[in-house]
Structure formats: structure tokens, C-alpha cells
Amino acid sequence: MPADGYTIHDADDDPAPRKPKKPRKPDRRANLAALLAKVDLWRSPDGVPYASVPHGNHREPMRVAGRNFRAWLIKRFYDHHGAGLSGQALAETVALAEARALASGCERRPWRRVAWHEGRIYLDLGGSDPAGERRAVEISATGWKIIEPALVPVAFLRASDARALPEPEAAAAAPGDLRHFINVEIEGDDLALIWAWIICALRPFPAGGAYPILFLHGEQGSGKSGAAQIMQALIDPSTLTGRAVPREEHDLAVTAGNRHLLAFDNLSHIGDNMADCLCRMATGGGFSARAKYTDADEVALSALNPLLLNGIPSNIIARPDLADRALSIELRPLLGERKRDAELATLFKRLRPGLLGLTCDGLSAALCNFDRTTIADPPRMVDAATWAKAAASGLGFDPERVETAWRDNRNATDRAALAVDDVGQAVVALVEANAGAWKGSPADLYRELSGLMPERVTRSPLWPKSASGMASKLRRLAPALRAVHRIEATHGKGGAEGWRWWSVRKL
């Protein structure tokens, strides 16, 4: 019998107990956006998105589309949620970061190894490890000092092969200490030119500029590769040394975009296409290629980098436009002077901080003296020659001696280039055979020059095959002909019928 006050109908009407509500899942997009909460997003002047992520007491700049930023996002998500980040979520976060960077309105320039900011030079001491050295040297016209990572006002990017520089030391080395590692003549000016090139290679350009190319040559066993590695370790140290020149223009541009100094080892020949690329890279140029997976889009890359080349033949840079941008240094053979690698490494480790401090002294002197330094009879790359002369006093060299050595080296390089150029020799012979002056049509010029050279020369692949090809070659040779032989080559249009002409004459 039912209990008092309770019936079966009452039991049927009693509601079932409610299940507790599940907690709402956090919004997926909010979780992904939270990964970017403490990230500074900005873009470069050419529209590439970057992110400066917190790391210790400073921020580490990274390209948003690069693998370093993706690795940082994965680690940050794991630290907060204890789980991995799926590929789709990672792609969405990167896309969000790119959109915010492009829309932020914050534009900065990323730098490699050296930077320019408000009249000062900043030298990055860091390598590729974010947990490693992140200080920089601030160099002004009055001196230099080491500053902590949080005080560095510029964004330094670092390639995976970058290595750290040591802390520079003042008054701890002399310019001649470099002779322990680079086998140049004691009495000549080559050591001063090597120091001049080092100072030029560490000059940052806020907009435009030019770097002289350094070419080390000499017979087998003269220490060319070792000298190049020492100089690379003073300017932009890397785990990649002894590299060959890339075969493709696009690969060269990508290499240039990931480091400051480009050092190529053991060259035996430079083709015309690669010579054109190196010329553009020394004075600032653009490279383009079709974007991957598209038919119409184009990827544009710009490059302005110091170049360090070495090889045995002195005529590797014989092409006049390449030689016109270069300083050529011949190393003498190591006869009974060889030292063990371990001994040289120990000596360099001891002298390197002092040599780097001397480099900073030279850069400071260049900043101080540049605006009031002049060059008589300015050579090609006069800006670089002026910078080198302005830095000379900080390195312990006579500025006038550096200027003279620079000019003499350039003239010697031009002479060496013309000495192995068949067209240049033919032009000299044409002027001498015509009492110092000749004028005629492009076709006449081609015929005259070809007639002055033996058949084995005119049949070679290097000899121009047409009047237009000869004219192009002569335009390229004109500066060297003027500097070395005082021969002026000009062209124009004239006469009643408007015929084209070329003139070569002794000045």
C-alpha cells in the first residue's frame, strides 16, 4: 500500500535529475590569438611580415613565414596547454600574424650583423642561438661601447649558420698582427688595403651604397683559403666557410639575403652571367624569379653585400666592370713559414678581441672624419675609398698612404684586366697604327680590330661575333682604357645621312 500522501501518479510526474552542464570549450580562435598576445608584429619596407618575440630580457626578431617563428609558436602552445599544435591551427596562427603585421602600420628595417641608426653603427655580437650572445657594439664618432640586448635599437636577423663575435677589447692588438694569418708583403701597402676593405665591409647603408670586392690570389699554398676564413671570422663569422659560388642567380640572391658577408673559395673562373650578378650585388641590385606554384606572380629579391673571393689565377676578375669594383691582393707563398692549424687557432683566439677592437676604432674614425675627407682624382667607388681614408687614422695608418695605395691597386687591376683582354689589346694596337686617332662606322671598327688579331683569337668564343657585340664590349672596356692607356672611346651619330660612328683616340 502506498505511503501516506504519495501515489503512483505522483511518482510519474517527478522530473528526472538533470545532468550537470559540460563546461564550454574555450574559443579556438581566441586560443590561437592568445599565442600572439606578447608578440610585436611589424613589416619591413618591402612588405615582408616580421615578429619580435619575447626572449629573456630582449625581443628576438623573426620572419613570420620562417621556420623559427613556427617553432616558437609550437613551443609556446605546449608550454601553456601541454599539447601539440596541429598543422591547421599553426597555419591559421601564422596567417593571423601576417595579417596583423601588415595592418599594424609599424615599419622597420631588419639588419644582418651591422646596422645604422641615428648616425651610429651597431655591430651584432650574436650567433644563431637565441639563448646565446645578444649584445651589440654601439659605434659613434666619439668612440664605441658594448650595450645590453634590451638597449639595442635595431632588429638583427641571424642565419642558422651565424656564429657569435667575441667582446672587442681596446688597445689589445696592432694592425700588423693580421700578418700572422694573412701572408702579405711586409714592405708593401697590401696590409693597409686589407684593413681598408674590412672597414668598408662593416659599413652599413641606410639607403643605397657600394661595397668593394676583395680578391685574394696567389699560387697554390699561399694561404688564400685560411686568410679568407680569418677575415670572415672578423666580419661575419659563420659555420659555413669555403663555399663555392652558386650556379644560379636566384640561389646567389637567397644566399645574400641570409647573411651580411659572402665569401667564396677557390674560384677558377667566373662566367659572364655570374660576373654580372656579383657586380650588381657589390653596388646594390635586384633579382627576380617566378614565384613557386604560380604562372604569373614574381618574387623580387634585392641584395647589397660585401664580397670576398679567392683563387689562384689573377685574371679571374679580368672582366673590366668586375675588376673596376675590386681590390686585388696577391699573397706570397708560405715557404718554410707554415704553422699547425691548432697553433694558429690558439693565436687567433687570443688576438681576435683586440683585432675586433681595432676594427671598431677604425669605424669610429670613419664616422668622425668622413664628411671632411676628400679624394684627389676620385676612382670608381669613390665613396668606399673616402670611407677607407677617413678610417685610416683610427687604424694607425697614414690617410694619404691609404689613398695612394687604393689608387695604385685599382690601376694595377685595370692593367691586369686589359693585359688578358684581346679586344683591349686590339684597340691599343689600332690607335698606335693610326697616329693616335681612328674614326669609323661600327662595322669598320669590327673589321679593323678583327684584322689586327690572329685567327685563333677571332675564332675563340670570347671574341665578339658582330659589330654590335664589339660595340658592347668596347663600352665595357672604356673606363679601363681611359685609366691605363689614356685612350678615349666614344660613339655617336653624325654626317648628312646620320650614320653611326665610333672614335678611339689617345688623350
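As a reminder, the structure under discussion sits directly above these lines.
Read on for an overview of the structure. Everything numeric here is computed off the predicted structure, so don't read it as measured data.

### A short note on empty space enclosed by the protein
No. 1: A complete count under the given rule lists four cavities of 30 Å³ or more for this structure.
No. 2: Within this model, the largest cavity holds a volume of roughly 100 Å³.
No. 3: Lining the largest cavity are 15 residues, with Ala159, Ala162, Asp236, Asn258 and Arg259 sitting closest to its centre.
No. 4: Classifying every residue of the lining of the largest cavity by side-chain character gives four nonpolar, four polar and seven charged.

### Points about the layout of surface pockets
No. 1: One number sums up the size of the second largest pocket: a volume of about 940 Å³.
No. 2: If you go around the second largest pocket, you meet 30 residues; those closest to its centre are Phe181, Gly226, Ile230, Leu344 and Ala345.
No. 3: Of all the elements in the fold, those that place two or more residues in the lining of the second largest pocket are helix H6 (224-235) and helix H10 (341-369).
No. 4: Taken together, the residues that form the lining of the second largest pocket break down as 13 nonpolar, nine polar and eight charged.

### With respect to the pattern of salt bridges
No. 1: Applying the stated criterion across every chain yields a total of 22 salt bridges.
No. 2: Between Arg203 and Asp383 there is a salt bridge, and its shortest N-O distance comes to 2.9 Å. Here the residue Arg203 occupies a position in the loop between helix H5 (190-201) and strand S10 (213-217), and Asp383 occupies one in helix H11 (residues 382-395), the gap between them amounting to 180 residues.
No. 3: For Arg203, a relative accessible area of 10% translates into the label buried.
No. 4: Each member of the salt-bridge network shares a partner with another, and the members are Glu60, Asp124, Arg134 and Arg158.

### Re the environment of Ile317
No. 1: For Ile317, the position within the fold is in the loop between strand S14 (307-311) and helix H9 (320-323).
No. 2: For Ile317, a relative accessible area of 3% puts it in the buried group.
No. 3: Excluding its chain neighbours within four sequence positions, the residues that come into contact with Ile317 are Phe215, Leu322, Ala323, Ala326, Ser328 and Thr413.

### A few points about a negative patch on the surface
No. 1: Negative charge collects at one region of the surface, where Glu185, Glu187, Glu219 and Glu330 lie side by side.
No. 2: Within the secondary structure, Glu187 sits in the loop between strand S9 (155-156) and H5.

### As for unusual backbone geometry
Keep in mind that most residues, glycine aside, have a negative phi and that most peptide bonds are trans.
No. 1: For Glu118, which is not glycine, the phi dihedral falls at a positive 50°.
No. 2: With respect to the element layout, Glu118 can be found in the loop between strand S5 (114-117) and strand S6 (120-124).
No. 3: In the Ramachandran plot, Asp377 falls in the positive-phi region, its phi being about 50° despite a non-glycine side chain.
No. 4: Here Asp377 shows up in the loop between H10 and H11.
No. 5: Looking at Asp377, the relative accessible area reads 60%, which means it is exposed.

### A word on the sheet that holds strand S2 (residues 49-55)
No. 1: Strand order across the open sheet formed by three strands is S1-S2-S3, with antiparallel pairing between neighbours. The two strands at the open ends of the sheet, each matched to only one other strand, are strand S1 (40-43) and strand S3 (58-63). Looking at each pair of strands side by side, their axes are set apart by 30° on average, direction ignored.
No. 2: Summarising the sheet, S1 and S2 pair through four bridges and their orientation is antiparallel. Across the sheet, Leu41 pairs through a bridge with Ala51, a residue of S2.
No. 3: Along the sheet face, helix H4 (residues 87-103) touches S1 and S2 and points at about 65° away from the line of S1.

### Examining the sheet that holds strand S17 (residues 487-494)
No. 1: Strand order in the open sheet formed by three strands is S16-S18-S17, and the pairing between neighbours is antiparallel. The sheet is open, and its two edges are formed by strand S16 (437-440) and S17, each paired on a single side. Ignoring strand direction, the axes of neighbouring strands in this sheet form an average angle of 15°.
No. 2: Relative to strand S18 (residues 499-506), S17 is paired through eight bridges, and the arrangement is antiparallel. Opposite His491, over in S18, you have Trp502 as the bridge partner.
No. 3: Here helix H13 (residues 422-433) sits on the sheet and contacts S16, S17 and S18; the angle it forms with S18, its principal contact strand, is near 80°.
No. 4: Sheet strands touched by helix H16 (residues 467-485): S17 and S18. Its angle to S17, the strand with the most contacts, is close to 140°.

### Considerations on the side chain of Thr93
No. 1: Assignment of secondary structure puts Thr93 in helix H4.
No. 2: Once residues within four sequence positions are removed from consideration, Thr93 is found in contact with Leu32, Leu35, Leu36 and Leu73.

### Considering the nonpolar core
No. 1: If you look at the biggest cluster of nonpolar residues, it comprises 85 residues, and the most contacted ones within it are Leu178 and Trp197.
No. 2: If we skip the residues at most four places from it in the chain, Trp197 touches Pro212, Ile213, Leu214, Met231, Ile235, Leu261, Pro306, Leu307, Leu308 and Leu327.
No. 3: In terms of nonpolar packing, the next biggest core, distinct from the first, is built from 23 residues, Val427, Trp438, Trp463 and Ala480 among them.

### Some remarks on the packing of aromatic side chains
No. 1: In total, this model carries five aromatic pairs according to the counting rule given.
No. 2: Between Trp42 and Tyr50, the aromatic rings sit 4.8 Å apart at their centres with planes inclined by 15°, giving stacked as the arrangement.
No. 3: Taking relative accessible area as the criterion, Tyr50 reaches 7% and is therefore assigned buried.
No. 4: With 5.4 Å between their ring centres and 80° between their planes, Phe181 and Phe348 make a pair best called edge-to-face. Placement of the pair is Phe181 in the loop between S9 and H5 and Phe348 in helix H10, with a sequence separation of 167 residues. Phe348 carries the same exposure label as Phe181, and that label is buried.
No. 5: One cation-aromatic arrangement involves Arg108 over Trp42; the distance from NZ or CZ to the ring centre is 5.0 Å.

### Some details on the packing of H11 against helix H12 (residues 399-419)
No. 1: Between H11 and H12, the least distance of the axes is 8 Å, while the angle of their chain directions is 150°. By the angle class used here, H11 and H12 are roughly antiparallel. As H11 runs across H12, the sense of the crossing is right-handed. For the pair H11 and H12, contact is made by Ala384, Ala385, Ala388, Lys389, Ala392 and Ser393 and by Pro399, Glu400, Val402, Glu403 and Trp406, respectively.
No. 2: Grouping the constituent residues of the contact of H11 with H12 by class yields seven nonpolar, one polar and three charged.

Cut-offs and rules
Residues numbered from 1 in each chain as written. Predicted model: local features only at pLDDT ≥ 70, side-chain atom pairs only at ≥ 80, totals over all residues. Heavy atoms only, no water. 1 Å grid on protein atoms, 1.4 Å probe; cavity = no way out; pocket = protein on both sides within 12 Å on 5 of 7 lines; lining within 4 Å. Points joined across faces, edges and corners; volume = space filled by probe spheres on them. Nonpolar A, V, L, I, M, F, W, Y, C, P; charged D, E, K, R; others polar. Helix = DSSP H or I, 4+ residues; strand = E, 2+ residues; numbered from the N terminus. Salt bridge = Lys/Arg side-chain N within 4 Å of Asp/Glu carboxyl O. Buried < 20%, exposed > 50% of the residue type's maximum accessible area, 1.4 Å probe, protein only. Contact = heavy atoms within 4.5 Å. Patch = residues over 30% accessible without salt bridge, like charges linked within 9 Å, V, L, I, M, F, W, Y side chains within 5 Å. Areas by Shrake-Rupley, 256 points an atom, 1.4 Å probe, with all protein chains shown as cover. Lys, Arg positive; Asp, Glu negative; His and termini not counted. Charge placed at Lys NZ, Arg CZ, Asp CG, Glu CD. Pairing = 2+ DSSP bridges. Axes fitted to C-alpha atoms, helices over the stretch in contact; angles between N-to-C directions. Core = buried A, V, L, I, M, F, W, Y, C linked by side-chain atoms within 4.5 Å. Phe/Tyr/Trp six-rings, centres within 6.5 Å; stacked < 30°, edge-to-face > 60°. Lys NZ or Arg CZ within 6 Å of the ring centre and 35° of its normal. Parallel < 35°, antiparallel > 145°, perpendicular 65-115°, else oblique. Left-handed = near helix turned anticlockwise from the far one by under 90°.

Read these as geometric descriptors, not functional statements.
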